[in-house]
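Each chain is listed here by its residues.
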Amino acid sequence: MNILPDELAARIEAHLAQRVRRAPANPLEVTYEVAAADLLEVCRTLRDEPQLQFAMLMDVCGVDYLHYGRDEWKTYEATDSGFSRGVARSAGAVQAPRDEHERFDPPVEDVAPDHPRFAVVYHLLSIAHNCRLRLRTFCPDDTQPMVDSVVGVWSSADWFEREAFDLYGILFRGHPDLRRILTDYGFIGHPFRKDFPLSGNVEVRYDASKRRVVYQPVSIEPRTLVPKVIRKDNRYDPALKDAPVKSAPKGATP
């Protein structure tokens, strides 16, 4: 039997009303936030409660909210969604740039989220009730992001948490073997953090003379990407698009 989102939310709040808070999501999805201190207790309840039975952890991923909501580009004409690199627009705050590809640096401060920088998101599946749930918790400390490991609740979290540690630098307290899983042993930094350079910190290549892999400074020159701009198309001008079609007189030669 498939549980509808509203019914699932009612069941969750009936057992965890004081420990979780519903977050905005698509109409057919259910997302809840939980404090880091309550994470393990909430996860056990979601797994063991007969009306929930989220027995499977499908995925664990990290999120970096650094500069979340910042819009650092402005063009003469752009869509309201889909092409901008941020969501907080400052229309009317400054004059439009002279050139449509000119970089726009807003005079206001970066839009700071009203929550810590790093978060961990868990995607759960209940086979018994044929429903899914998204659970999110924020790391209390931005300088050393850390939450409890849920390996003791769902063993499938093992490699997922290692991936989040490798890519975001998020620590999982109580993990049995927390080490990198995708990058090299000597890799510096965490590549999915928003402040990590796009070209990386070092290059890796094989040196035939030394017969080993060596590290060297990055040789790629940084470049500025230009956002896609939807330009004016005269074919869609209302005067042309909605103009009545004139039929030729009878007997006229086409």
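Here the structure is shown first, and the text comes after it.
Residue numbers run consecutively from 1 along every chain, following the written order of its sequence. The predicted origin of the model limits local features to residues at a pLDDT of at least 70 and limits the giving and counting of side-chain atom pairs to 80 or more, whereas totals for whole chains, interfaces and linings rest on all residues. Side-chain calculation: all heavy atoms of the structure are included, whereas hydrogens and water are not.

Peer 1: Help me understand helix 3 (residues 157-168), please; the structure alone is not making it clear to me.
Peer 2: Along an α-helix, residues three or four positions apart point the same way, because every turn accommodates 3.6 residues. A run of H or I in DSSP becomes a helix once it reaches four residues, and a run of E becomes a strand once it reaches two; helices and strands are each numbered from the N terminus. Expected span, for any helix, means 1.5 Å times one less than how many residues it has. Its 12 residues place the ends of helix 3 16 Å apart at the C-alpha level, agreeing with the 16 Å of an ideal helix rising 1.5 Å per residue. Of all the residues in helix 3, the buried ones are Ala-157, Glu-161, Arg-162, Ala-164, Phe-165, Asp-166, Leu-167 and Tyr-168. Should any heavy atoms of two residues lie within 4.5 Å, those residues are considered in contact. Of the surrounding secondary structure, the elements contacted by the buried residues of helix 3 are strand 3 (56-64), strand 4 (118-126), strand 6 (146-148) and strand 7 (171-173). Of the residues one or two after helix 3, Gly-169 is the one with positive phi, at around 75°. Exposure categories follow from relative accessible area, calculated using a 1.4 Å probe and restricted to protein chains: below 20% of the type maximum is buried, above 50% is exposed, and the middle band is partly exposed.

Peer 1: For this particular structure, what's the right way to read the pattern of salt bridges?
Peer 2: Should their charged atoms come close, side chains of opposite charge can pair. The working definition used for a salt bridge is a side-chain nitrogen of Lys or Arg within 4 Å of a carboxyl oxygen of Asp or Glu. Counting across every chain of the model gives 12 salt bridges. Linking Arg-136 and Glu-33 is a salt bridge whose minimum nitrogen-to-oxygen distance equals 2.1 Å. Taken as a pair, Arg-136 in strand 5 (residues 131-138) and Glu-33 in strand 2 (residues 31-34) lie far apart in primary sequence, 103 residues in all. With respect to burial, Arg-136 and Glu-33 carry one shared label: buried. The closest approach of N and O atoms between Asp-48 and Arg-47, which form a salt bridge, is 2.7 Å. Salt bridges sharing partners connect three or more residues here, namely Arg-21, Glu-33 and Arg-136.

Peer 1: Would you take a moment to explain the environment of Val-214 for this structure?
Peer 2: Here Val-214 is to be found in strand 9 (residues 212-217). Here Val-214 falls in the buried class, since its relative accessible area comes to 8%. Distance from Val-214 to Val-204, taken between C-alpha atoms, is 5.8 Å for residues 10 residues apart in sequence. If near-sequence neighbours (up to four positions away) are discounted, Val-214 is found in contact with Glu-203, Val-204, Arg-205 and Asp-207.

The values reported here are purely geometric and, on their own, carry no functional implication.
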